[in-house]
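So you can see what is in the structure, the chains are spelled out below.
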Amino acid sequence: MIMNKNISNIVNLGDRICATLECNGRRLASVNGSNFNSLEAVRRALLDLAGRYVGMAVLTVRNCTQGWRDVTALATMRRAAATIPTAAPRVGAQYLIPWAS
């Protein structure tokens, strides 16, 4: 049996929104306000507040004005950019290892 989910959770500017982002049982970020014009704007605000984390997070958005709640799983790998090691300086035919000299 396939169920068609035609529920549309719309956020209007002025709606009172209470939202949280949790990862491994720890609250990473929360917002409570009415300055959002879309569900995506709420999601972006929470991700910006949460900073860098790795794993599966749960995004819960409650529209207190319209009376609905949306719970979404969010998998992410928000790590710092890896630095690429540079080649060691070369003198003659041998490589110098800075930490070994």
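The residue count restarts for each chain, going from 1 along the sequence in the order it is written. With the structure being a predicted model, the display of local features is reserved for residues of pLDDT at least 70 and the display and counting of side-chain atom pairs for 80 or more, all residues being used for whole-chain, interface and lining totals. Each side-chain value is worked out from all heavy atoms of the structure, with water and hydrogens disregarded.

**Looking at the nonpolar core**
Okay, so step 1: Only buried residues count toward a nonpolar core, which is a set of Ala, Val, Leu, Ile, Met, Phe, Trp, Tyr and Cys residues joined through side-chain atoms within 4.5 Å. Burial classes follow relative accessibility: with a 1.4 Å probe on protein chains only, a residue under 20% of its type's maximum area counts as buried, one over 50% as exposed, and anything between as partly exposed. With 20 residues, the main nonpolar core has Leu21, Val42, Leu46 and Tyr53 as its most contacted residues.
Okay, so step 2: Only DSSP runs of H or I with at least four residues qualify as helices, and only runs of E with at least two residues qualify as strands; both kinds are numbered from the N terminus onward. Listed by contribution, the elements that provide at least two residues to this core are strand S1 (17-23), strand S2 (26-33), helix H1 (39-50), strand S3 (54-63) and strand S4 (68-77).
Okay, so step 3: Note on definitions: a residue-residue contact is assigned when non-hydrogen atoms from the two residues lie within 4.5 Å. The contacts of leucine 46, once residues within four sequence positions are left out, are Ala19, Thr20, Leu21, Ala29, Ser30, Val31 and Leu59.

**Concerning the environment of aspartate 15**
Okay, so step 1: As for its placement among the helices and strands, aspartate 15 is situated in the segment before S1.
Okay, so step 2: Expressed as a C-alpha distance, the spacing of aspartate 15 and asparagine 37, which sit 22 residues apart in the sequence, is 8.4 Å.
Okay, so step 3: If sequence neighbours within four positions are ignored, aspartate 15 has contacts with Ile10, Gly33, Ser34, Asn63, Thr65 and Gln66.
Okay, so step 4: Under this definition, polar contacts are N or O atom pairs within 3.5 Å; protein pairs additionally need one hydrogen-donor-capable and one acceptor-capable atom, and for neighbouring residues in sequence, both atoms have to be side-chain atoms. Among the polar contacts listed, one links the side chain of aspartate 15 to the side chain of asparagine 63, at a separation of 3.0 Å.

**Observations regarding the pattern of salt bridges**
Okay, so step 1: Put simply, a salt bridge is a Lys or Arg side-chain nitrogen that is within 4 Å of an Asp or Glu carboxyl oxygen. With the rule as written, the count across this model stands at three salt bridges.
Okay, so step 2: For glutamate 40, the salt bridge goes to arginine 43, with nearest N and O atoms at 3.1 Å. In this pair, glutamate 40 and arginine 43 are both assigned in helix H1, three residues apart and thus about one turn of the helix distant.
Okay, so step 3: Here glutamate 40 falls in the partly exposed class, since its relative accessible area comes to 36%.
Okay, so step 4: Overall, arginine 43 belongs to the partly exposed group, its relative accessible area being 27%.
Okay, so step 5: Put simply, glutamate 40 and arginine 44 hold a salt bridge, and the shortest N to O gap is 3.9 Å. Highlighted residues: glutamate 40 and arginine 44, both in helix H1, separated by four residues, approximately one helical turn.
Okay, so step 6: By relative accessible area, which is 46% here, arginine 44 ends up partly exposed.
Okay, so step 7: If you follow the salt bridges from partner to partner, you end up with Glu40, Arg43 and Arg44 in one network.

The values reported here are purely geometric and, on their own, carry no functional implication.
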